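Each chain, letter by letter, is given below.
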Amino acid sequence: MADKLMLPSGVELLGDIQDPDWETIVTPEALEFVAKLERTFGGRRRTLLEAREERQARIHAGEPPDFLLSTEEIRGADWSVAPVPDDLLDRRVEITGPAGDRKMVINALNSGAFVYMADFEDANSPTWANTLGGQVNLRDAVDGTIRYTSPEGKTYRLNGKTAVLKVRPRGWHLEEKFVHVDGRPVSGALFDFGLFFFHNAKRSLSQGTGPYFYLPKLESHLEARLWNDVFVFAQNELGIPKGTIKATVLIETILAAFEMDEILYELREHSAGLNCGRWDYIFSYIKKLRKRPDVILPDRSLVTMESPFMRAYSLLAIQTCHKRGVHCIGGMAAQIPVKNDPQANEEAMNKVRADKLREVRSGHDGTWVAHPGLVPIAREVFDEHMPGPNQIDRRLEDLRITAGDLLEVPRGPITEIGVRTNISVGIQYLEAWLRGYGAVPINHLMEDVATAEISRTQLWQWIHHPKGILEDGRKLTPELYLAIQQEEAESLRRLSRRKCTGRPQARPGCRPVHPDDLVPGVRGFSYAARLSLSVKATHKDPEHSTGRGAVFFTPAGL
């Protein structure tokens, strides 16, 4: 049906329009707006991505991350971000979930959380159906008309009071391969942002709220500047006052941690503060520093917010935000409620309470949860220890965080159990991701792309790093890795009663192991694989149900 749409000049849709509601999203006017964004900012985006590679090369050559001398004046100056709207003053509990799951969108808005971050990124597998369906879901949610009827006949609709909606588009590094502008894939970030803003900005304002966003994966203040310029351009195009957009930046890369002041400064008219995206931060730490001889991380379970480098980054984020008069939101505990096992459930909930207690006592102004069942626990903790709408007046003025604090290597063993867990979680997650599910409960934890990225990068580093030695003295060699992953794959086959691999050549571990560089990411490579499988991909495609993503979890694919 895409060929029947009236498309603006230079715009091409490679995905089929399988639902009449999708036509109301990819209208000629909306696509023209997206095309303007791409033509205006696409070149700068690509230049900034090249700058990422140049920075990475310097790190590999021995230049450590550090605070920028060129922006020292900004860090030392006395300035504040613009005031946030009333409906963003109290954000003590925020819930996240994929935009493409209609039932989950309704449940999240009804959860009792203060804010719902609808995700087009890590928790949302970017099938064409999830991407356009997510836009439909959010448009209907803003309208208040969203409904869902389950196969069992249960109807879901919005309550009278719902969470404030914030939207997370994809990062600058990702592209929407089903939409081309002037022969190039459009930026996934500009596509997600552009469609939502075009259809919902004015409607949100008429309802007393506004177009609010989360910005992921930034690595520099120049990337924040690009977002700010996009916001100014978009507001001018639609005739909306400058500063109407408010955006929270996720500090989830090690490089962004050294530029938090500068990021807030670039977005100061549009800033709603920062958030500590802990899982991608760990992934970034490994990825950026992977060739340093002193950097080797222990089992994933041992790298927590109590690890010195993680605690340093979260405290610096709080100090930076509060100095500039804006919120710093905490991260997400991975635990979810455990059904049919009261003891295991109580243990999981106690871990959540402890995590939220640490955050509120440290000075965070709110926190994230991934499941409606955790909203009451998080709120109880924050209500007890943060009676006001936030604690921005808590300045942490005596705190001194150095570059060494942010780079301190966490200590602990690498174990065979840790290797097996990373392999098993990685294969299970990617199998589900390629079927269109981006938020996946595995072993009573909510996994998304970020945790899969940690798993694969840890395995890559343990194999290739001289210090990748198990606590029993064995080096994690390619041969040992292959033996363990084959055992884990076979165990998954038995447990699930379904194949987790496709043809023999796609079987996990069948690619040879190379000591070459780490591939850019699960998202890009797996997305390309899905596109090659079916340009009309949806979450129902049978081609995605046999775990073909497992091939990206081989040592060569790592």
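The structure we're discussing is the one just above.
Below you will find a few notes about this structure. Please read these numbers as outputs of a predicted model, since none were measured by experiment.

## Some thoughts on the overall build of the protein chain
The number of helices and strands found in the protein chain is 17 helices and 15 strands. Contacts in the protein chain between residues far apart in sequence, at least 24 positions, make up 78% of those at least 6 positions apart. For the protein chain, the computed accessible surface area is about 21,700 Å², with 52% contributed by carbon and sulfur atoms.

## Quick notes on the pairing of strand 7 (residues 175-181)
Where burial is concerned, most of strand 7 is hidden: five out of the seven residues are buried. Where strand 1 (residues 11-13) lies against strand 7, three bridges are found, and the strand directions are antiparallel. Counterpart to L13 in the pairing with strand 7 is V179. Here strand 7 pairs with strand 8 (residues 184-187) via four bridges, running antiparallel. Bridge pairing links E175 to S187 in strand 8. Two successive antiparallel strands, strand 7 and strand 8, enclose a turn made up of two residues, where D182 displays a positive phi of approximately 55°.

## Some remarks on the pairing of strand 10 (residues 246-251)
Within strand 10, six of the six residues are buried, which leaves it mostly tucked inside the rest of the structure. Here strand 10 shows a buried face lined by K246, T248 and L250 and a second buried face lined by A247, V249 and I251. Of the strand pairs in this sheet, strand 9 (residues 212-215) and strand 10 are connected by four bridges, and their pairing is parallel. The residue bridging F213 from the neighbouring strand is A247, located in strand 10. Crossover handedness for the path strand 9 to helix 7 (residues 221-238) to strand 10: right-handed. Examined bridge by bridge, strand 10 and strand 11 (residues 271-276) share four bridges and lie parallel to one another. Bridge pairing in strand 11 places V249 opposite L274. Chirality of the crossover, the property in question, places the unit of strand 10, helix 8 (residues 260-266) and strand 11 among those that are right-handed.

## A few points about the environment of L138
Secondary-structure assignment places L138 in helix 5 (residues 128-143). Considering only alpha carbons, one finds L138 and L165, 27 residues apart in sequence, at a separation of 8.8 Å. Setting aside its immediate chain neighbours within four residues, L138 contacts A99, V105, A118, F120, L165, V167, F196 and N200.

## Quick look at the side chain of R358
Note on placement: R358 falls in helix 11 (residues 342-362). Once residues within four sequence positions are removed from consideration, R358 is found in contact with R278, M305, E306 and R311.

## Digging into helix 9 (residues 278-289)
The end-to-end C-alpha distance of helix 9, which contains twelve residues, comes to 16 Å, matching closely the 16 Å that a straight helix rising 1.5 Å per residue would cover. In terms of burial, helix 9 is largely enclosed, as eleven of its twelve residues are buried. What helix 9 keeps buried is the set R278, W279, D280, Y281, I282, F283, S284, Y285, I286, K288 and L289.

What counts, and where the lines are drawn
- Residues numbered from 1 in each chain as written.
- Predicted model: local features only at pLDDT ≥ 70, side-chain atom pairs only at ≥ 80, totals over all residues.
- Heavy atoms only, no water.
- Helix = DSSP H or I, 4+ residues; strand = E, 2+ residues; numbered from the N terminus.
- Contact = heavy atoms within 4.5 Å.
- Areas by Shrake-Rupley, 256 points an atom, 1.4 Å probe, with all protein chains shown as cover.
- Buried < 20%, exposed > 50% of the residue type's maximum accessible area, 1.4 Å probe, protein only.
- Pairing = 2+ DSSP bridges.
- Right-handed = clockwise from strand over helix to strand, strands pointing away.
- Expected span 1.5 Å × (residues − 1).

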